[in-house]
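Below are the chains, spelled out letter by letter.
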Amino acid sequence: MIEALSHISLTHYLIVSAALFVIGLVGFLVRRNMIIMFLCTELMFQAAAIAMVAFSRFSLDVSGQVFVIFILTVAAAEAALALGLIVLLYRRRETLNSEAWSEMRES
Amino acid sequence: MDPKLLYFACVLGAAAVYLALRPGKRGVRIAGSLLGLGVIAWMLLATPQLLSVMGGKPALAEGAARPGLMFAAFSLIAIAAAVRMITHDRPVYSALYFVLVVLSSAGLFLLLQAEFMAFALVIVYAGAILITYMFVIMLAQQAPSTDHTVGEAEYDVNPREPGIACGVGFILLAVLSNMAYGGVPQLKTADVPAAQRQAWQAMNLMSRDVEEMVADLMPGAKPAAGATIESAPGGAFITVRREGEAFDTRLPLPPEKLPSNVQQVGLDLVAKFPVSLELAGVILLMAMFGAVVLARKQIELGEDEIREAAGMRKLGFHAEESAEARASAPGGAR
Amino acid sequence: MTTALAAETLVAGSSWAGWILWLPLLSLALCGVCAAMKVRSKLPAWITVACLGLSFVVTLSLYMGYQPGQHQTIHLFRWLNLHWTSAQGEGSFIANFALYVDSLTLLWMLFVTGLGTLIALYASEYMEHDVGKGYTRFFAGMSVFLFAMSSLVMADNLVMLYLGWEGVGFASYWLIGYFYQKPSAVAAAKKAFIMNRIGDLGLALAIYFIWHAFGTVEYAQLFAILDSHNYSHEKAGWTIDAIPYLLMLGAFGKSAQLPLYVWLPDAMEGPTPVSALIHAATMVTAGVYLIARMYPMMLLDAAALPTVAWIGTLTALLAATIGMAQYDIKRIMAYSTVSQLGYMFAGLGVMTSVGGCYHVFTHAFFKAVLFLTCGAIMHGFAGQLDLRRISGLRHMNGWKIVAYTMLVGCLCLAGFPFTSGFFSKDMILAEAFVTHGPGFQWIGWILLFTAGLTAYYTFRVWFRVCAGPSHFEMGDEHHGDDDHDHGHNAHDHAHGGGRGHDQPHVPRLAINSVLMIIAIGAILAAFAGGWVERLILDSSAAAGVPGHAETAHGGAGEVAAHGTFLGMDPHKAMYWVSAFVGIVGILIAWRLHLANRKAADALRARLLSNPATRWLPTAMEHKWYVDEFYHAIIVLPMWIIGYICSLIDRYIVDWLLVDGTARTPKFLGRAFQPLQNGIVQSYAVSMAGGAALAVVLIVVIMPHMKQWLDALMGGGG
């Protein structure tokens, strides 16, 4: 087992990234709490970041990590605004259940 | 071993997550979690054989560290924390598990020799974003009432269509892992010497760091006037002049003195992607504006006031009043 | 033999003869105007009588201008005039609106227009109870009928004849169904029209075959071609032989012979003037006219005319037996018409077109009289037509004219010596024995026997209704079939007898005058034999008929060619024999229906009780079950097919196809509705699922698709 683990390759990191991404996707589709839904999207960002850094290391090019910085930036901005909106929505319906917003008409 | 076992592993993983999601007995959930962990561990362990069978070839660049156990630990913790995050009843705990995920992936970054990213991740994500999430979670919790004690809300406990979601997700995982193992044949292993050359080239832009490095290597030496680091097949060197000497010496630069990750990232950020940097700043500015706007006190406008503000007539059952209003304000801006 | 035809020359006559046709049309238009203006008087009747009278006057002047041996063609306007060139050369189809006036035409037109005018006058009083309701409609129908009948008789080509043929069928339907609120009347009208249709099919096919074989449908050319044998039998093949039979089929449909006669008794549902005019004197003789006109055509096949003769004979016998057992006097007269029409066809069939046409002429008069008197009885006794319920009419006040004109008619019908019917029937009977043909002797004996039956049932009617003790029961119709407010009690009518529904309604001037005129005509027709003969022999109906002069002499050396009647010359012997048979029939009727009325019932009871003869009265009363037979083999299958089709329509076309097409989108919509539930996550699931599928397809399946397909094909193929 130690030998198996002694040759960590790009594939390992990609598997981890894929698994994290899929778990994030499943969480997004499954949870009803709006905040947790957004948290799962953050998880998906995370997975993408891992993949990108792995590739950057694999090809010895720093641009991948630079891009991860930008991902971080965008994630932060998006989180801020999303949370603000969630709070507004919570005030309207007094619940965080995403199914409260399922009427297909203006409310 | 061939793809079919991979797919079978994905199916098992799906089942595992599904079991973990059901709001049932604790034993079931734990069993599911353990099963999932086992699957991932197997996938990671079986990677070499899978690679050889499915034709992938990528290995990390030569000279990289081979941190076997550390990698296993970090990755398993990350995945376990992620699963716990999506299955936990309480939102606060989900956020906390996410913090754990972030820390684990920071560890992975460290293993990948991306120190700056690791710390940036911890500072920005765990330190800022997740704290914001926690505040909002606590803000949006329902107050406890007589018939509703503090506990999990119904919408937190019951997942929504776990079966389909797991199925869809793990189909994707199967495909992704297929690609990862099957590999892209054109993916060429990086050329280490060329990368090193580029790195030395980049260092040239940082003259003060170069002076420091030279002073560090050879005390009392300074780079010769107009000298830059040059890379040659044998290594890199720089022409320096020692104090008290009248001639230049070639100073070979060892690989340990390559610019660090922070320096490289910083250089790239400013030298190669300045516009993106500025745009990132703009994005953050916009986010700040948006947050301020959203956080304003909302006044509940009545329907009539909204229509008035929009310059439209009032509704029908107010016709008498509006007729009077119009009669009294004939030259209105309508 | 062909001298009559060869002597004809075609002269273009003046077109004012067209007024014979335009006057009924004018009457129709004016009746339409009356209907639109809701006229409530007898004006439509006077309009019709005036126009028909004028038409008769024009016919008379046409007759005056007629020279023997001259056949006029009067061209009115171009109608169908088609010419073309084809691979076989030039072709043409010419059928103009033109009149062909020869003596046969004139004979027919005289009694058609004459009787038409008189019956219109009769109807002006008969239909007075419908003034304001259907009165105008009735006279419009009569005008249509006369236009159609005129164009039928005076046509110059077969297509115009067919126009008139269809027109009289339509007018007959119109008028039989005059009392359209009665379901039986409507059913009778339909029956008449449909059975006529069957015959019309034969006629239409015949016209087509004639055109195909001879290249023309105009009489003048046709007769010329037939005369000079200028046609090729091989080119036309079997169609030429079929022509006479198809013509026959048309004639039998229109003139109510076997097997298409069942509509005529039912047609008595129409008002009596209709029955008198259409179903006694004119429309039903159209078939006879057709055969007479197309006599040269009938000779194309040797077996055609004998077939006509036999069918006519059998019809005559059958109808006479049915007539003997009916109680409704109008129906008896209807069967009598069928029977006499059989005589006419038999006459045509045994090569005496003179006899057949003379019988048409005389029959028109005396049958019209009989029907009109029956109508007067019906009119007066509120629809009572059962001969068991009325008796002793000639003793009642105001009914004498009716009774005695009826006597005249009955005498003619029965063939009492020296009446018109006697002479005309005689000609036919004699010729049956004279001419050689398959079984013509039998025809003669059967016709003779039928003459006896005719005399019997005719005088059964007269002795029951007009003679004997006076007694009557009123019928249950109230003067026609609309229950309008009578108001009779408030009126002051100029006839005797009590008023109200319980007293008979005595006929007045219009009815009585018409009855008398026609009765006189019936008497005078006895002297018209020679005149008719001259007319017929001068026309196309004379083809193949030996001239009268030849047969009168017996011709030395030709005796062997003539048949004989029990060894005697038929012409002379027949006078005595038929007179004898007629008088015997009258005597039997007197015995059973006047002297001792109960004897008839006793006879009937005895026949019924005896099992060997029980079937006879029952079958005769039930018209030999012919109607029931037709119902079973034709009407019922049609009903069943129609019902099946209605089921197919309702369940397959309606429910399955139409409703199914409507249900499918609804069903599909319902099926897909749960996809749209407004929940973002479910949409996300669909999107992710779709993306997953797409990725699987592209990454996993597509690269291997080719080898999988090859494996499948290679494995399977």
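Let me sum up the structure you'll find in this document. (Residues numbered from 1 in each chain as written. Chains lettered and ligands numbered in written order. Predicted model: local features only at pLDDT ≥ 70, side-chain atom pairs only at ≥ 80, totals over all residues. Heavy atoms only, no water.)

For chain C, the helix and strand inventory stands at 28 helices and 5 strands. A total of 717 residues make up chain C; the buried ones form 56% of that total. By sequence separation, contacts in chain C at least 24 residues apart represent 80% of the contacts at least 6 residues apart. When the accessible surface of chain C is summed, it comes to about 30,100 Å², and 69% of that surface belongs to carbon and sulfur atoms. (Helix = DSSP H or I, 4+ residues; strand = E, 2+ residues; numbered from the N terminus. Buried < 20%, exposed > 50% of the residue type's maximum accessible area, 1.4 Å probe, protein only. Contact = heavy atoms within 4.5 Å. Areas by Shrake-Rupley, 256 points an atom, 1.4 Å probe, with all protein chains shown as cover.)

Residues and elements named next belong to chain C. Inspection of the secondary structure assignment puts S143 in helix α5 (residues 135-154). Taking the C-alpha atoms as reference points, S143 and C31, separated by 112 residues in sequence, lie 8.9 Å from one another. Apart from residues lying up to four places away in sequence, S143 is in contact with P24, S27, L28 and T48.

The next point concerns the pattern of salt bridges. Summed over the entire model, instances satisfying the criterion amount to 14 salt bridges over all chains. Here K272(B) ties to D268(B) by a salt bridge, and the two come within 3.6 Å at their closest N and O atoms. Of this pair, K272(B) and D268(B) both sit in helix α11 (residues 261-272), 4 residues apart, roughly one helical turn. E125(C) is paired through a salt bridge with R508(C); the nearest N and O atoms lie 3.7 Å apart. Taken together, the residues E125(C) in helix α4 (residues 103-126) and R508(C) in the loop between β5 (471-472) and α21 (509-524) connect sequence positions 383 residues apart. A relative accessible area of 2% places E125(C) in the buried class. R508(C) gets classed as partly exposed once you look at its relative accessible area, which sits at 23%. Among the ionic contacts, a cluster of salt bridges with common partners joins K42(C), E125(C), E128(C) and R508(C). (Salt bridge = Lys/Arg side-chain N within 4 Å of Asp/Glu carboxyl O.)

We now examine the interface of chain A and chain C. If you look at the interface, chain A gives 12 residues, while chain C gives 9 residues. Taken over both partners, the interface formed by chain A and chain C buries close to 730 Å², and the fraction arising from carbon and sulfur atoms is 67%. Among the residues chain A hides against chain C, the three largest losses belong to L29(A), S102(A) and M104(A). Together they make up 58% of the total. Linking chain A to chain C there are 0 salt bridges. The interface formed by chain A and chain C includes 3 residue pairs in polar contact (both at pLDDT 80 or more). Top element by residues in the side of chain A that touches chain C is helix α2 (residues 10-30) of chain A. It accounts for 4 residues. Along the lines of polarity and charge, the residues of the side of chain A that touches chain C split into 7 nonpolar, 2 polar and 3 charged. (Buried area = accessible area lost by both parts, 1.4 Å probe. Polar contact = N/O pair within 3.5 Å; in protein donor to acceptor, adjacent residues only side chain to side chain. Nonpolar A, V, L, I, M, F, W, Y, C, P; charged D, E, K, R; others polar.)

A word on the interface of chain A and chain B. Contacts between the two partners involve 73 residues from chain A and, on the opposite side, 101 residues from chain B. Roughly 7,700 Å² is buried in total at the junction of chain A and chain B, and carbon and sulfur atoms are behind 78% of that figure. The largest share of the area that chain A buries against chain B comes from Y13(A), R57(A) and F58(A), three residues that together contribute 10% of it. At the boundary of chain A and chain B, one finds 0 salt bridges. Linking chain A with chain B are 7 residue pairs in polar contact (both at pLDDT 80 or more), by the criterion used here. Sorting elements by how many residues they give to the side of chain A that touches chain B places helix α4 (residues 63-93) of chain A first, with 21 residues. The residue inventory of the side of chain A that touches chain B, partitioned by class, reads 50 nonpolar, 15 polar and 8 charged.

Residue and element names in this part refer to chain C. Between its terminal C-alpha atoms helix α16 (residues 329-349) stretches 30 Å, which fits the 30 Å expected from 21 residues at 1.5 Å a residue. Taking burial as the measure, the 21 residues of α16 include 21 buried ones, the bulk of the element. Here α16 starts with a cap whose side-chain oxygen sits 3.0 Å from the backbone nitrogen of K330, and that cap is D328. Count one or two residues on from α16 and you reach M351, which has phi positive near 70 degrees. (Expected span 1.5 Å × (residues − 1).)

Take the side chain of T117(C) next. Residue and element names in this part refer to chain C. Structurally, T117 can be placed in helix α4. Within the structure, the side chain of T117 is placed 2.8 Å from the backbone oxygen of T113, a separation counted as a polar contact. When sequence neighbours within four positions are dropped, the list of residues in contact with T117 reads V49, L52, G53 and F56.

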